[in-house]
Amino acid sequence: MSELNEKWLDLRSDTVTRPSAAMRAAMNAADVGDDVYGDDPTVNHLQEYTADLFGYEAALFAPSGTQSNLLALLAHCGRGDEYLVGQEAHTYRYEGGGAAVLGSIQPQPIINQPDGSIALADIEAYIKPDDFHFARTKLLALENTIGGRVLGLEYLKQATTLAHERGLATHLDGARVCNAAVKLGVSPRAAVAGFDSVSVCLSKGLGAPVGSVLCGSKPLIAEAKRWRKMLGGGMRQAGMIAAGGLYALQHNFERLAEDHDNAAYFASELAKLKHIKVSAPQTNIFYVDIPADACRGLNDVLQLTRIRVSMSPHLRIVTHMDASREDIDRAITVFGDFFG
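Residues numbered from 1 in each chain as written. Predicted model: local features only at pLDDT ≥ 70, side-chain atom pairs only at ≥ 80, totals over all residues. Heavy atoms only, no water.

As annotated in an unreviewed UniProt entry, the protein chain is Low-specificity L-threonine aldolase from Duganella vulcania. The heading Cofactor (unreviewed entry) in the UniProt record of the protein chain holds the text "pyridoxal 5'-phosphate". UniProt's Subunit (unreviewed entry) comment on the protein chain is quoted here verbatim: "Homotetramer." (UniProt positions renumbered as here; feature names shortened; annotations may be inferred.)

Participant: Help me understand the sheet that holds strand S10 (residues 285-289) in this model?
Facilitator: Strand pairs in the sheet, formed through backbone hydrogen bonds, run parallel or antiparallel to each other. Across the sheet, which stays open at both edges, the 3 strands sit in the order S9-S10-S12 with antiparallel pairing between neighbours. Since the sheet does not close on itself, it has two edges, and those belong to strand S9 (277-278) and strand S12 (314-318), each with one partner. Across the sheet, helix H12 (residues 256-270) lies against S9, S10 and S12, angled at about 15° from S10, the strand it touches most. (Pairing = 2+ DSSP bridges. Helix = DSSP H or I, 4+ residues; strand = E, 2+ residues; numbered from the N terminus. Contact = heavy atoms within 4.5 Å. Axes fitted to C-alpha atoms, helices over the stretch in contact; angles between N-to-C directions.)

Participant: What am I meant to see in the UniProt feature "modified residue: N6-(pyridoxal phosphate)lysine" (unreviewed entry) in the protein chain here?
Facilitator: Annotation from UniProt places "modified residue: N6-(pyridoxal phosphate)lysine" (unreviewed entry) at Lys204. In this fold, Lys204 is placed in the loop between strand S7 (197-201) and strand S8 (212-216). For Lys204, a relative accessible area of 16% gives the class buried. With residues up to four places along the chain from it excluded, the contact list for Lys204 reads Asp14, Thr15, Thr17, Ala175 and Arg176. (Buried < 20%, exposed > 50% of the residue type's maximum accessible area, 1.4 Å probe, protein only.)

Participant: Quick question: what am I supposed to make of the pairing of strand S2 (residues 58-62) here?
Facilitator: With 5 of its 5 residues buried, S2 lies for the most part within the structure. Side chains of S2 alternate between two faces, with Ala58, Leu60 and Ala62 and Ala59 and Phe61 buried alike. Looking at chain direction, S2 and S8 are connected through 5 bridges and run antiparallel. Across the sheet, residue Leu60 finds its bridge partner in S8, namely Leu214.

Participant: Where do I start with the sheet that holds S2 in this structure?
Facilitator: Here we have 7 strands laid out as an open sheet, ordered S2-S8-S7-S6-S5-S3-S4, and mixed in their pairing. Because the sheet does not close on itself, it has two edges, and the strands there are S2 and strand S4 (106-110). Adjacent strand axes in the sheet meet at a mean angle of 20°, parallel and antiparallel pairs treated alike. Looking at chain direction, strand S6 (residues 169-174) and S7 are connected through 4 bridges and run parallel. Residue pairing in the sheet places Asp173 in a bridge with Ser199 of S7. Running over the sheet, helix H2 (residues 41-54) touches S2, S7 and S8 and is turned about 125° from S2. Contacts between helix H7 (residues 153-165) and the sheet are confined to strand S5 (136-143) and S6, with S5 contributing the most and set at about 170° to the helix.

Structure (structure tokens):
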């Protein structure tokens, strides 16, 4: 294959995956209806399937993970309430402050530990007294995986138990919870045990083109559905995209282990190079520390060889279903030639 015809390898995120031919066929054949009326059979099937898979009463299809997380925060909390959240968490750092801007919900950020967890003592310390001087602490929001790190089941049990004992609800940003379940070797239900709600992203490693599903109790999902309408997330013949998410859950869950293996291989090969420091991945994400004065030159070379990254001295690399072992070997060669 000539260089001009060689495909791009995109290592920026697992959000860049494209639907496979089989997924496209499922989407094309999807039975549809008006989902705002609740009449889209494929959306209904996706919601029922996801709720059952993760062990909840009900579920709601949303256009994005940002919206499904926001729906959860709005459904759990009211004006003047607050949620406890890690400083590194997506709901706090990367979702535009939506809970504060649109829901008047105060985030209480807490430092994350090196393993991605929030210390139990810190959770306890930041729960506000029942005093009108303070926002009412209503919710503990965790994320798994967080920056590629997997929170263990024992920690999750301890954190959610503590929250419930103190009268808080619990929400899990499960943008990559399927990766966490595969890494932990447990069922989806076990991976989210203890959480009153979970947002499951379909458009990352699972490979669907768009969408997330919020799971929770029937009353919580009913409240979230009202908020989804207000936020402009009510879609009509959404079964065509829901079919992609359904296919992803049914066919692409276990294959996430392949992405984990590719990340481990990629990182181990890069770790052999001089001048850079490579983290050991737990799932499909790892980081490469690069000298700042080398970033521009490396980025130019990667661009010339049709490899995309979000260049930074602390470079995040993400493997996914559109990054084969052959693709990764090509990237390893480029890095090796540059630093060799």
